[in-house]
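Understanding the architecture of this molecule
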Amino acid sequence: MRRRHLLLGAAAAVAAPRVARAAQVLRFVPQADLAILDPIWTSANITRNHGYLVFDTLYGTDADWRIQPQMVEGHVVEDGGKFWRLTLREGLRFHDNEPVRGIDVVASLRRWGARDAFGSALLSVTDELAATTDRTVTFRLKKPFALLPEALGKPGVNMPCIMPERLAATPASARVTEMIGSGPFRFVASEWSQGNRVVYEKFQNYVPRSSGVPSLTAGPKVAHFDRVEWVIIPDPATAA
């Protein structure tokens, strides 16, 4: 093959990628091995990073450290800041294709609050946390807690992720090992090899926010890869 023919073929593939569309795979070497899967149970950064692929949060934090709605469509505050009504976006589904419901949110937040200092502070001033409908969650507070969205959208550990009620029913003292989230990627348990490789695949039924700009953990989460592989390299020098 002449060089000009090779270059013309490459140009055609770029101009019309639908003709030669292959699975888009990102291979990444993380800073540590993923030993614990539950982002509520541990404060390890590597597990938090894993959590943001698999799970979603009610609010997100943008690059300017402003809180933005994420899983919630919005909220209403009444009674001088002592009553909050959060409404979930339509179309939220877990990786087992079950819808995300208010009872999943309530169970997840109760478990998270038992592990996280910010969550514990919020729950300590909460008289009632309830799912009034499948898409509505309400907080009745003993006193105003203006940082409620900041607590539910904090980007650090422990991650305030939302998981199915049956998993969130796991005691806070025990780890959740079944990874069923509602985030843009699903965890491929059959390909997880601790100390070697972690695999995620794009969740086709994930519905990003229809508005906003992708920024840190806020805005529409659009998966640009079909598959993400974390390649674990134990030796620091080799990994670098």
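**A look at a nonpolar patch on the surface**
Residues Leu-26, Phe-28 and Phe-225 make up a contiguous nonpolar surface patch of about 240 Å² in total accessible area. Note that Leu-26 resides in strand 1 (residues 25-28). Residue Leu-26 is classed as partly exposed on the basis of its relative accessible area, which comes to 33%.

**A few points about the pattern of salt bridges**
Evaluated as defined, the whole model comprises 18 salt bridges. Residues Asp-96 and Arg-166 are paired through a salt bridge, measuring 4.0 Å at the closest nitrogen-oxygen approach. Residue Asp-96 is located in the loop between strand 5 (83-88) and helix 3 (102-113), and its partner Arg-166 is located in helix 6 (residues 165-168); the two are separated by 70 residues in the primary sequence. Judged by its relative accessible area of 33%, Asp-96 falls in the partly exposed class.

**Regarding the sheet that holds strand 5**
Taking strand neighbours across the sheet as the criterion, the four strands line up as 4-5-7-6 in an open arrangement whose pairing is antiparallel. Only two strands of the sheet have a single partner each, and these edge strands are strand 4 (72-78) and strand 6 (126-133). For this sheet the average axis-to-axis angle between neighbouring strands, irrespective of direction, equals 15°. Of the pairings in the sheet, the one linking strand 6 to strand 7 (residues 136-141) comprises six bridges and is antiparallel in character. Within strand 7, the residue paired with Ala-131 across the bridge is Val-137. Across the sheet, helix 3 is in contact with strand 5, strand 6 and strand 7; its angle to strand 6 comes to roughly 155°. Packed on one face of the sheet, helix 4 (residues 117-124) meets strand 6 and strand 7 and runs near 90° to strand 6.

**Describing the nonpolar core**
With 50 residues, the main nonpolar core has Leu-58, Leu-86, Leu-109, Phe-139, Leu-152 and Tyr-200 as its most contacted residues. Tallying contributions element by element places helix 3 first for this core, with five residues.

**Some remarks on the sheet that holds strand 1**
Overall, mixed pairing links the four strands, which are arranged 1-10-9-8 in an open sheet. The sheet is open, and its two edges are formed by strand 1 and strand 8 (185-187), each paired on a single side. Strand-to-strand twist in this sheet, taken as the mean axis angle between neighbours without regard to direction, amounts to 25°. In terms of strand pairing, strand 9 (residues 197-202) meets strand 10 (residues 227-231) through five bridges, oriented antiparallel. What sits directly across from Tyr-200, in strand 10, is Val-228.

**Some details on the packing of aromatic side chains**
By the definition in use, this model includes five aromatic pairs. Consider the rings of Phe-118 and Phe-145, whose centres lie 6.4 Å apart with planes at 50°: the pair is tilted. Separated by 27 residues along the polypeptide, Phe-118 in helix 4 and Phe-145 in the loop between strand 7 and helix 5 (148-152) bring together distant segments of the chain. The exposure class assigned to Phe-145 is buried, which follows from its relative accessible area of 13%. Ring pairing ties together the aromatic residues Phe-28, Phe-187, Trp-192, Tyr-200 and Trp-230, which thus form one cluster.

**Structural notes on the confidence of the model for the protein chain**
Do not read the fine detail of predicted coordinates wherever pLDDT is low. Per-residue confidence for the protein chain gives a mean pLDDT of 91, with 91% of residues at or over 70. Throughout residues 3-20 the model reports pLDDT below 50, and contacts reaching past four residues in sequence, or to other chains, amount to one contact.

Rules behind the numbers
Residues numbered from 1 in each chain as written. Predicted model: local features only at pLDDT ≥ 70, side-chain atom pairs only at ≥ 80, totals over all residues. Heavy atoms only, no water. Patch = residues over 30% accessible without salt bridge, like charges linked within 9 Å, V, L, I, M, F, W, Y side chains within 5 Å. Areas by Shrake-Rupley, 256 points an atom, 1.4 Å probe, with all protein chains shown as cover. Salt bridge = Lys/Arg side-chain N within 4 Å of Asp/Glu carboxyl O. Helix = DSSP H or I, 4+ residues; strand = E, 2+ residues; numbered from the N terminus. Buried < 20%, exposed > 50% of the residue type's maximum accessible area, 1.4 Å probe, protein only. Pairing = 2+ DSSP bridges. Axes fitted to C-alpha atoms, helices over the stretch in contact; angles between N-to-C directions. Contact = heavy atoms within 4.5 Å. Core = buried A, V, L, I, M, F, W, Y, C linked by side-chain atoms within 4.5 Å. Phe/Tyr/Trp six-rings, centres within 6.5 Å; stacked < 30°, edge-to-face > 60°. pLDDT = per-residue confidence, 0-100.

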